[in-house]
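As a plain string of letters, each chain reads:
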Amino acid sequence: MNENTGAYRLISAGVRVPKPISATISAVLGFALSFYGKGQYALLYQNYLLVLMYWVAPWIAIVLTHWFLLHQYSVHGNTDRWTWAASIFLITAALTIFLFSSTPLYVGPVAKLLDGVDIGYFVGFIAAAALYFIVCTKDRKTIPY
């Protein structure tokens, strides 16, 4: 079942190969990754979730700012173009991870100055919300929905 799902992921990503070949590639990659992570599943999964949370905080901040501070309650929008929200999210998340994160994989320079204290989630949330609010109130046409 995992090989089938992986095969569809490769096809969805634009890799144009027959499904049996895609399933084989997926199975080989899955085996290689599981062999590499043998005995470390909990640690690798924990690190994955930690890094994922750095991306979630700015995204949630933009959504909440859009709905509650800018009073834009529509969930239907123009998704065929790059928006200010996407730019703010990407930049804020990357800077948050680079500067403020403190994980077993990487410790940012600000986190080192704070003796390993991890404030990346909070900084990412506040910075993304503030930047999005400023950009969108400066010119109401920039609100992407």
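The structure we're discussing is the one just above.
Residues numbered from 1 in each chain as written. Predicted model: local features only at pLDDT ≥ 70, side-chain atom pairs only at ≥ 80, totals over all residues. Heavy atoms only, no water.

1. As for the packing of aromatic side chains
Next up, step 1: Within this structure, the stated rule accounts for six aromatic pairs.
Next up, step 2: On the numbers, 4.5 Å between centres and 20° between planes, the contact of Tyr54 with Tyr121 is stacked. One end of the pair, Tyr54, is in helix H3 (residues 41-69); the other, Tyr121, is in helix H6 (residues 120-138), and 67 residues separate them in sequence.
Next up, step 3: Aromatic side chains Phe98 and Tyr106 sit 6.4 Å apart centroid to centroid with 25° between the ring planes, which places their arrangement in the stacked category.
Next up, step 4: Taking relative accessible area as the criterion, Phe98 reaches 47% and is therefore assigned partly exposed. (Phe/Tyr/Trp six-rings, centres within 6.5 Å; stacked < 30°, edge-to-face > 60°. Helix = DSSP H or I, 4+ residues; strand = E, 2+ residues; numbered from the N terminus. Buried < 20%, exposed > 50% of the residue type's maximum accessible area, 1.4 Å probe, protein only.)

2. Quick word on the environment of Phe125
Next up, step 1: Relative to the assigned elements, Phe125 resides in helix H6.
Next up, step 2: Note: C-alpha distance between Phe125 and Val56 (69 residues apart in sequence) is 8.7 Å.
Next up, step 3: Look past the residues within four positions of Phe125 in its chain and what remains in contact with it is Ala57, Ile60, Ala61 and Leu64. (Contact = heavy atoms within 4.5 Å.)

3. Observations regarding the packing of helix H4 (residues 84-100) against H6
Next up, step 1: It is at 9 Å that the axes of H4 and H6 come closest, and there the two elements cross at 150°. Classed by the angle they form, the pair H4 and H6 counts as roughly antiparallel. As for the relative orientation of H4 and H6, their crossing is right-handed in sense. Contacts between H4 and H6 involve Trp84, Ala85, Ile88, Thr92, Thr96 and Phe100 from the former and Gly120, Val123, Gly124, Ala127, Ala128, Leu131, Tyr132 and Val135 from the latter.
Next up, step 2: When its residues are assigned to classes, the contact of H4 with H6 shows ten nonpolar, four polar and no charged. (Axes fitted to C-alpha atoms, helices over the stretch in contact; angles between N-to-C directions. Parallel < 35°, antiparallel > 145°, perpendicular 65-115°, else oblique. Left-handed = near helix turned anticlockwise from the far one by under 90°. Nonpolar A, V, L, I, M, F, W, Y, C, P; charged D, E, K, R; others polar.)

4. A look at the side chain of Asn47
Next up, step 1: Inspection of the secondary structure assignment puts Asn47 in helix H3.
Next up, step 2: Those residues in contact with Asn47, other than ones at most four positions away along the chain, are Pro104 and Leu105.

5. Some details on the nonpolar core
Next up, step 1: Judged by nonpolar contacts, Ala61, Ile62, Leu70, Ala85, Ile88, Ala128, Ala129, Tyr132 and Cys136 together constitute the single largest core of nine residues.
Next up, step 2: If you list the elements that add at least two residues to this core, you get H3, H4 and H6.
Next up, step 3: The leading source of residues in this core is H6, at four residues.
Next up, step 4: The residues touching Ile62, leaving out its near neighbours within four places in the chain, are Ala85, Ile88, Phe89, Ala128 and Tyr132. (Core = buried A, V, L, I, M, F, W, Y, C linked by side-chain atoms within 4.5 Å.)

Function cannot be inferred from these measures alone, as they are strictly geometric.
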